[in-house]
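# Remarks on the overall topology
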Amino acid sequence: MLDAAIARCLALSQAARTQQGAALAATLAELDAALAAVAEARAAELVRAGAAAAEQNIEQDGDAAAMLELDLAGYITAWNRGAERLFGYREQEALGQNILFLYTEDDDGALAELLYEQDGGTAEVRRRRKSGEVIWVQLALSLLQDELGEAQGMRVRMAHVSEPLSDFDKISLHARIIEDSEQGVLITDARERIVSINSAFTRITGYTPGESLGKTPDLLRSGVHDAEFRAKVRAAMAGNGPWRGEIVGRRKNGELFPQSVTISAVRDSSGKISHTFSLFSDISVHKDAEARMQRMANYDTLTGLPNQCLLTQLMTQALTEARRSNEHGALLVVEIGRLGAISDTLGHDVGNQLLGAIGKLFRAVLRDPDILARLDGNRFGVALLHIEKREHAAIVAQKLVAALAAPIQLGSHSLQVGASIGIAVYPEDGLETGALIRHADVATSKAAQAESAFLFYSEEMNQRAKEHLRIESELRQALLHDELQLYYQPKVSLRSGRIVGAEALLRWRHPLRGLVSPGVFIPVAEETGLIQEVGNWVLEEACRQVRAWKDANLIMPPIAVNLSARQFDRGLPARMADVLRRHQVHPEQIMLEITESLLVRGAENVVAIMNELVAMGLALALDDFGTGYSSLAYLKKFPISTLKIDRSFVVGLPYEENDCAIARAIVTMAQQLRQEIVAEGVETAEQMRFLRELGCDQLQGYLFSQPVPADDFERMLREGKRLAFGAR
Ligand code: C2E
Ligand code: MG
Ligand code: MG
């Protein structure tokens, strides 16, 4: 019977290969029925096999299958150990009882056993144990006949239906489960060839058995994973334990898809890996949903900007980092004014569009790492996590205000809005996002009341910001009103004691405050971008002065001019050439002092610009050496002819051991690189002597002269002022 059922299945599946549409559907339905028949026939065969075995063992040991015999009236005439185990009644209790005593109450009383009079009948029925528990029992019946062939009774073999499956059952069940699984299944042999797949594999990947069997799993390789990742997966396939994770695969149509995968190895009885199998499911749907949910949870739908939740997350991360590294930053809360009035008169749609437009304007004036978020209603938040100085937050606030200066055009409407900005800085105003937002909010309300564009939370910061703004606006005036002046500080040779150069240092003659040090206003000029103008003025003035000295027949050593990193751009060589040409100054007359921060910025074009300047005949000196990060290997890349040892290492000479060691190392290093060494800030004869012994070339410092006005420097040159080595 089983063979016949299997043959039918084969015939149907053969037929299905060439069919399509309705014919195919009909055949498949038939195939389903045929498969069910195979399963049924198999089950029957199993029971028969069990029964045959039981027959042999019936009177033997306790492992025997359950068996009883009935006479024609249904009374029990035999009861073995298996029956005792199955029902809980001992032989003495069961013999002579009618089979009905095993029936459950709701059974209709028919003698199931007797209905299957035919030899070989099977049935699955409910029976009651001695304990009262109702169980499902599979029955296999055979007639008991006397020598004449007359029916004497019935032998009933029984098996608990939920008893463990036979190996055969297990295999066919497992095969069925694998085939029907929603998960894709891929089995490879020890040579990594695909030997089996299921229909979900085909559904997910698009590859049929014909296209995948015999290939390696590289068939699905997406190319997005690196070698390290692939090595991990291969290790799992090589038997290093199951691996679970997400892999991006590629479908037959080229589409990439994320899959959740489990990979394990199967070993044979000798422990060798015979196969590996991967179970995978296509999680692209979940991923899409996840991404959508992520967006909904973290972004403001109106402006597309991060919302307060995401801002808080990012801020919190940055604050954790800041606690460790002592970094600082700021949080700005921007409240848009007049938005409510506009929405009320022109409608919420216009209000919403306006918010979107403001978001875009703000984004455009911020730098990439700055975070712009919409907090709620008319409030935006800006997190500045990478600012050099807290005061810079004021510059950003000004930019945001300036972005709203012009009316915003929306269709036929031209809308003017304003903003009040509150700024909280960390760590001073708090190291928690919540506290920073609250403090910035307080400052925002104060700013709105005071009708000032922005305010810091702390009074001290407001003072500093005010000072900053004051310097900025006064410096603009200074450029217009000729308040800037260059002083010159001589550099002297440690061999001859003669003046061999000078550094031009900027001074501001403030009409009210007197002489202002560059340490105060250069940083402000750098932050505001005014440094370009200031720097140009310095170059102009230095060249003009050199020309004037030349015209006065003075023999001039080179004059060094300080350059800020922000002046160092592609246009610098051209600007230099222009100013030198206009004043008819030879490039050898001018040296440019740059700082390490410029080198550390590491841009390729820095070296290119330097080479251009050097090719023009200008010399480059590295200022404040030792305070940055330059190393010997690093310096070799740059065409620098002079190193200036920073004053901070000179101060401790010759008593501070560390300073001595650093000074010695710098001098040795510079000598190897064939660079001239200038010691800055030399104030004492002891320092001078120590540096001289080390082999330092020049010194610059109060020991010889403070920075002085041009006339004074000219006088020193004329008089041939020299450094006295014996000086105390
Ligand atoms: P710097 O280029 O390192 O200049 C040396 C500074 O050390 C000068 O300060 C000088 O007056 C001071 N100095 C020299 N010898 C001694 C000494 O023996 N003892 C002490 N205590 N100080 C000494 P200054 O003129 O205040 O300039 C400060 C910084 O401002 C300069 O440092 C430079 O970085 C910047 N700077 C000055 N002028 C300009 C300029 O025209 N452009 C740019 N971009 N920066 C400038
Ligand atoms: Mg300098
Ligand atoms: Mg210096």
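Residues numbered from 1 in each chain as written. Chains lettered and ligands numbered in written order. Predicted model: local features only at pLDDT ≥ 70, side-chain atom pairs only at ≥ 80, totals over all residues. Heavy atoms only, no water.

Bringing the site of ligand 1 into the picture now. Taken together, the neighbourhood of ligand 1 is formed by 23 residues, with Glu-503, Arg-507, Asp-623, Glu-683 and Tyr-702 sitting nearest. In this structure, a nitrogen atom belonging to ligand 1 sits 2.9 Å away from a side-chain N or O atom of Gln-489. The separation between an oxygen atom of ligand 1 and a polar side-chain atom of Asn-562 is 2.9 Å. Elements that contribute at least two residues to the shell around ligand 1 include exactly strand E19 (499–510), helix H17 (518–528) and strand E23 (619–625). At four residues, the largest contribution of residues to the shell around ligand 1 is made by E19. (Near = heavy atom within 4 Å. Polar contact = N/O pair within 3.5 Å; in protein donor to acceptor, adjacent residues only side chain to side chain. Helix = DSSP H or I, 4+ residues; strand = E, 2+ residues; numbered from the N terminus.)

So, about the coordination of the magnesium ion (ligand 2). In this structure, Glu-503 (OE), Asn-562 (OD1), Glu-593 (OE) and Asp-623 (OD) serve as the protein donors to the magnesium ion (ligand 2), at separations of 2.0 to 2.2 Å. Here the donor residues of the magnesium ion (ligand 2) are spaced in sequence according to E-x58-N-x30-E-x29-D. Distance-wise, the magnesium ion (ligand 3) is placed 4.1 Å from the magnesium ion (ligand 2), both being coordinated by Asp-623. Here Asn-562 is found in strand E21 (residues 559–562), whereas its partner Asp-623 is found in strand E23, with 61 residues between them in sequence. A relative accessible area of 28% places Asn-562 in the partly exposed class. (Donors = N, O, S within 2.8 Å, 3.2 Å for Na, K, Ca; no water. Buried < 20%, exposed > 50% of the residue type's maximum accessible area, 1.4 Å probe, protein only.)

For the structure on display, the rule yields 30 salt bridges. With its nearest N and O atoms 2.3 Å apart, the salt bridge here joins Glu-428 to Arg-390. Within this pair, whereas Glu-428 is found in the loop between strand E16 (418–426) and helix H15 (433–450), its partner Arg-390 is found in the loop between strand E13 (379–384) and helix H14 (392–403), the two being separated by 38 residues in sequence. Its relative accessible area of 44% is what places Glu-428 among the partly exposed residues. In this structure Arg-390 comes out as buried when scored by relative accessible area, which is 16%. In this structure, the salt-bridge partner of Arg-476 is Glu-472, at a minimum N-O distance of 2.7 Å. Remark: Glu-472 and Arg-476 occur in helix H16 (residues 459–480); sequence separation between them is four residues, near one turn of the helix. Given a relative accessible area of 13%, Glu-472 falls into the buried group. (Salt bridge = Lys/Arg side-chain N within 4 Å of Asp/Glu carboxyl O.)

This next bit is on the coordination of the magnesium ion (ligand 3). For the magnesium ion (ligand 3), the full set of protein donor atoms is Asp-623 (OD), Asp-624 (OD), Glu-680 (OE) and Glu-680 (OE), at a range of 2.0 to 2.6 Å. If you list the donors of the magnesium ion (ligand 3) from N- to C-terminus, the spacing comes out as D-D-x55-E.

General note: in soluble globular proteins, nonpolar side chains tend to be found buried as a group. Ranked by internal contacts, the top residues of the largest apolar core, which has 83 residues, are Phe-568, Ile-590 and Phe-713. The greatest single-element share of this core, amounting to nine residues, is contributed by helix H18 (residues 531–551). Contacts of Phe-713, omitting those with residues within four sequence positions, involve Tyr-488, Pro-490, Ile-499, Gly-501, Ala-502, Trp-549, Met-556, Ile-559 and Val-708. Core analysis: the second largest hydrophobic core is formed by 38 residues, Ala-330, Ile-342, Ala-397 and Phe-456 among them. (Core = buried A, V, L, I, M, F, W, Y, C linked by side-chain atoms within 4.5 Å. Contact = heavy atoms within 4.5 Å.)

Once that is clear, we can look at the packing of aromatic side chains. Within this structure, the stated rule accounts for nine aromatic pairs. For the ring pair Phe-229 and Trp-243, a centre distance of 5.8 Å and an interplane angle of 85 degrees mean the geometry is edge-to-face. A residue pair is termed long-range when its members are at least 10 positions apart, and Phe-229 in helix H9 (residues 227–237) and Trp-243 in strand E8 (residues 243–250) qualify at 14 residues. Ring centres of Trp-508 and Phe-521 lie 5.4 Å apart, and the angle between their planes is 85 degrees; on these two criteria the pair is classed as edge-to-face. Of this pair, Trp-508 sits in strand E19 while Phe-521 sits in helix H17, and the two are 13 residues apart along the sequence. Of the residues examined, Trp-508 reaches a relative accessible area of 2% and is grouped as buried. On the accessibility criterion, Phe-521 (0% relative accessible area) is buried. Members of the aromatic cluster, connected to one another through ring pairs, are Tyr-488, Trp-549 and Phe-713. Over the ring of Phe-725 we find Arg-692, and its NZ or CZ is 3.6 Å from the ring centre. The ring of Phe-704 has Lys-721 sitting right over it, with the charged end atom 4.6 Å from the ring centre. (Phe/Tyr/Trp six-rings, centres within 6.5 Å; stacked < 30°, edge-to-face > 60°. Lys NZ or Arg CZ within 6 Å of the ring centre and 35° of its normal.)

A few words on the side chain of Thr-188. Among the secondary structure elements, Thr-188 is positioned in strand E6 (residues 184–189). A relative accessible area of 1% means that Thr-188 is categorised as buried. A polar contact of 2.3 Å, which involves the side chain of Thr-188, links it to the side chain of Thr-276. Look past the residues within four positions of Thr-188 in its chain and what remains in contact with it is Arg-193, Ile-194, Val-195, Pro-217, Met-237, Ser-274, His-275 and Thr-276.

This part covers the sheet that holds E16. Strand pairing in a sheet relies on backbone hydrogen bonds. The paired strands run either parallel or antiparallel. An order of E12-E13-E11-E16-E17 is seen for the five strands of this open sheet, with the pairing classed as mixed. What marks the edges here is a single partner per strand, and that holds for strand E12 (371–376) and strand E17 (454–456). The average undirected angle you get between the axes of adjacent strands in this sheet is 20 degrees. Pairing of strand E11 (residues 329–337) with E13, which is carried by six bridges, proceeds in the antiparallel orientation. By the bridge assignment, Val-333 is partnered in E13 with Gly-381. Helix H11 (residues 308–325) rests against E11, E12, E13 and E16 of the sheet, and its axis sits at about 130 degrees to E12. (Pairing = 2+ DSSP bridges. Axes fitted to C-alpha atoms, helices over the stretch in contact; angles between N-to-C directions.)

Here we take up the sheet that holds strand E5 (residues 151–160). Taken in spatial order, the five strands line up as E2-E1-E5-E4-E3 in an open sheet, and their pairing is antiparallel. Edge strands, defined here as strands with exactly one partner in the open sheet, are strand E2 (76–79) and strand E3 (122–128). The sheet shows a mean angle of 30 degrees between the axes of neighbouring strands, taken without regard to direction. Strand direction decides the pairing type here: E3 and strand E4 (residues 134–145), joined by seven bridges, are antiparallel.

The subject of this paragraph is the packing of H11 against H15. Contact geometry of H11 with H15 gives a least axis separation of 9 Å together with a crossing angle of 115 degrees. Put simply, H11 runs roughly perpendicular to H15. Between H11, through Gln-308, Thr-312, Met-315, Thr-316 and Leu-319, and H15, the contact on the second element is made entirely by Thr-433, Leu-436 and Ile-437. For the contact of H11 with H15, the residue count by class is four nonpolar, four polar and no charged. (Parallel < 35°, antiparallel > 145°, perpendicular 65-115°, else oblique. Nonpolar A, V, L, I, M, F, W, Y, C, P; charged D, E, K, R; others polar.)

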